[in-house]
Amino acid sequence: MKYSFVATLFTLSVVLSAGLTVAENPKYGLSWVKDIPMPTPGFLDIFEDHLYFTSFNAEPWFLSKNGVYRMAAADYESAEPELLTDELDWPNDMTLLDKEMFGFNALAVGHGFLVPGHATGGVSIINLDDPSSKPVEISANLDNWFYHKAYPRDMDGDGDLDLVTARCRDNVIPFPWNPPNGGELVWLENPGGENNLADRWVEHEIMEGPDFLINMRDDGVTSSPFELLAPQFLTELINYVYYDSDGVVQNRTLDDQLGNAFAAEFLDVNGDGSLDILATNHLTSNGGVFAYTWDNTLSLSTAKVTKHTLATGINNVQEKGMAPGHSYPVYPRSDDTTEKPYILVDGDGAENYILLSPTDGSDFESWDYDMTVLFPTECTVGKSVSADVDGDGWSEVFIPLYEKNIVRVMKFQPWDECVEGPPLNEVSDREGDAVEEGFTAAGVA
């Protein structure tokens, strides 16, 4: 079935200067390829030639089914996800680490969440060369602190890569004996040597404030200056964190008007060759997507920053949810970067998947986008990811549909050639069913 009727029904345009209008269909859309069974998928990433998934749920820790999986990205039509570990409680986002850190290719995974029973998390290392080995938790195991993502960086100049992360404490049940909610930016000190996973790493506090997600410029590469974005959910702002010429940590608030911040990343949002910031907030109603620009010849610590509202009106539909989730730019055709990229937005609690297409793809000065709700998901949308994994010139998109226990695989195509996926209101919420459909546990017979 083509998009012609159903997707058009959900098509809206957000033209910020004119308000809400009906839009023409975009030039490109997403065409359904397949649904990959996956128990309650949350975060997705593509590293090198593999697709990685995390899975978690809110059952008590001794009953919950958690997992970190991978599969060959180019073989998504036939390959089955491989279970790397099921021993991390509520695994969140992942970072691929260079072999120099531990002598093997590794994945750093932040884990834990504010859900009761899962609030004490950490940062753990998975050996990708020997996934049958157990993950090693290197963080300090502090009660009620959970972690989302860690970046490698030599913080003390000793030649060893340490890890920079944020930890958060957010008590959803306000018992009077609970410690106060809050977040801290910290770095975990690599002890060095050949056996640097033998003991937990010392955690050093950098500053208070960063809580859930962070984003390091250049992925934390040691040769670049320390620059970090902290979209702070609890304190409702986006901070830019850096070290001054005297080696003292500083921060500049870039936006304190967007409400609960969710994600903020250093990206070239519009494809003009300049670095920008793409961000989302996380609200019960009227969530949005925003870009921030500045003169890249100047330091972000002092330059004038201009905020552009790309989309608003993204509304949560769940009892306890919020929206939207992550967003990121993508070229529909990986071999054609002559026009501005599109932006994909994870609806999260809005229970939909959203496309922002440039109103004028050739006008790199314009920040007007048309918002198209591609399809309702009937469930929470996790962190999706996109790349041209099969090299055919069209970008694939992998969308985690949490309560549906699937990862929906779609591919950019001309709008009129897009094929609609199976209606998700006909896909039952299948707690754990996907586990029985052929997943393989590495090292387990």
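The coordinates are above.
Each value, and the rule that gives it
- Residues numbered from 1 in each chain as written.
- Predicted model: local features only at pLDDT ≥ 70, side-chain atom pairs only at ≥ 80, totals over all residues.
- Heavy atoms only, no water.
- Salt bridge = Lys/Arg side-chain N within 4 Å of Asp/Glu carboxyl O.
- Helix = DSSP H or I, 4+ residues; strand = E, 2+ residues; numbered from the N terminus.
- Buried < 20%, exposed > 50% of the residue type's maximum accessible area, 1.4 Å probe, protein only.
- Core = buried A, V, L, I, M, F, W, Y, C linked by side-chain atoms within 4.5 Å.
- Phe/Tyr/Trp six-rings, centres within 6.5 Å; stacked < 30°, edge-to-face > 60°.
- Lys NZ or Arg CZ within 6 Å of the ring centre and 35° of its normal.
- Pairing = 2+ DSSP bridges.
- Axes fitted to C-alpha atoms, helices over the stretch in contact; angles between N-to-C directions.

S.K.: Can you help me understand the pattern of salt bridges in this one?
M.R.: Where charged atoms from two side chains of opposite charge come close, those side chains can pair. Applying the stated rule across the entire model yields 14 salt bridges. Linking Lys307 and Asp255 is a salt bridge whose minimum nitrogen-to-oxygen distance equals 2.8 Å. One end of the pair, Lys307, is in strand β23 (residues 306–314); the other, Asp255, is in strand β19 (residues 249–255), and 52 residues separate them in sequence. Residue Asp255 is classed as buried on the basis of its relative accessible area, which comes to 5%. Residues joined in a network through salt bridges with shared partners are Asp390, Asp392, Glu396 and Lys411.

S.K.: Looking at this structure, I do not really get the nonpolar core. What am I missing?
M.R.: In summary, soluble globular proteins display a tendency toward joint burial of nonpolar side chains. Counting 22 residues, the largest nonpolar core has Leu30, Leu344, Tyr353, Val397, Ile399 and Phe412 as its most contacted members. Only β3 (28–37), β24 (327–330), β25 (342–346), β26 (352–358), β27 (369–376), β29 (396–401) and β30 (406–414) provide two or more residues apiece to this core.

S.K.: Would you mind going over the packing of aromatic side chains with me for this structure?
M.R.: The geometry of two aromatic rings is summed up by the distance between their centres and the angle between their planes. Inspection of the entire model under this criterion finds 18 aromatic pairs. With a centroid separation of 5.7 Å and 40° between ring planes, the pair formed by Phe56 and Tyr402 is classed as tilted. Highlighted residues: Phe56 in the loop between β5 (50–55) and β6 (67–72) and Tyr402 in the loop between β29 and β30, separated in sequence by 346 residues. We classify Tyr402 as buried; its relative accessible area is 15%. Between the aromatic rings of Tyr240 and Tyr242, the centroid separation amounts to 5.1 Å while the plane-to-plane angle is 20°, which identifies the pairing as stacked. In this structure Tyr242 comes out as buried when scored by relative accessible area, which is 17%. What links up through ring pairs into an aromatic cluster is the set Phe43, Phe56, Trp90, Phe113, Phe146, Phe212, Phe233 and Tyr402. One cation-aromatic arrangement involves Lys149 over Tyr151; the distance from NZ or CZ to the ring centre is 5.4 Å. Of note, Arg408 hangs over the ring of Phe375, and the distance from its end group to the ring centre comes to 5.8 Å.

S.K.: Help me understand the sheet that holds strand β15 (residues 202–208) in this model?
M.R.: Two orientations exist for strands paired in a sheet by backbone hydrogen bonds: parallel and antiparallel. Within the open sheet, the 4 strands sit side by side as β12-β13-β14-β15. Their pairing is antiparallel. One side of each edge strand has no neighbouring strand; the edge strands of this open sheet are β12 (146–153) and β15. Between one strand axis and the next, the sheet turns by 25° as a mean value, whatever way the strands run. In this sheet, β15 lies alongside strand β14 (residues 182–189) in antiparallel orientation, the contact comprising 6 bridges. Residue Glu189 lies in a different strand from β15, and its bridge partner there is Val202.

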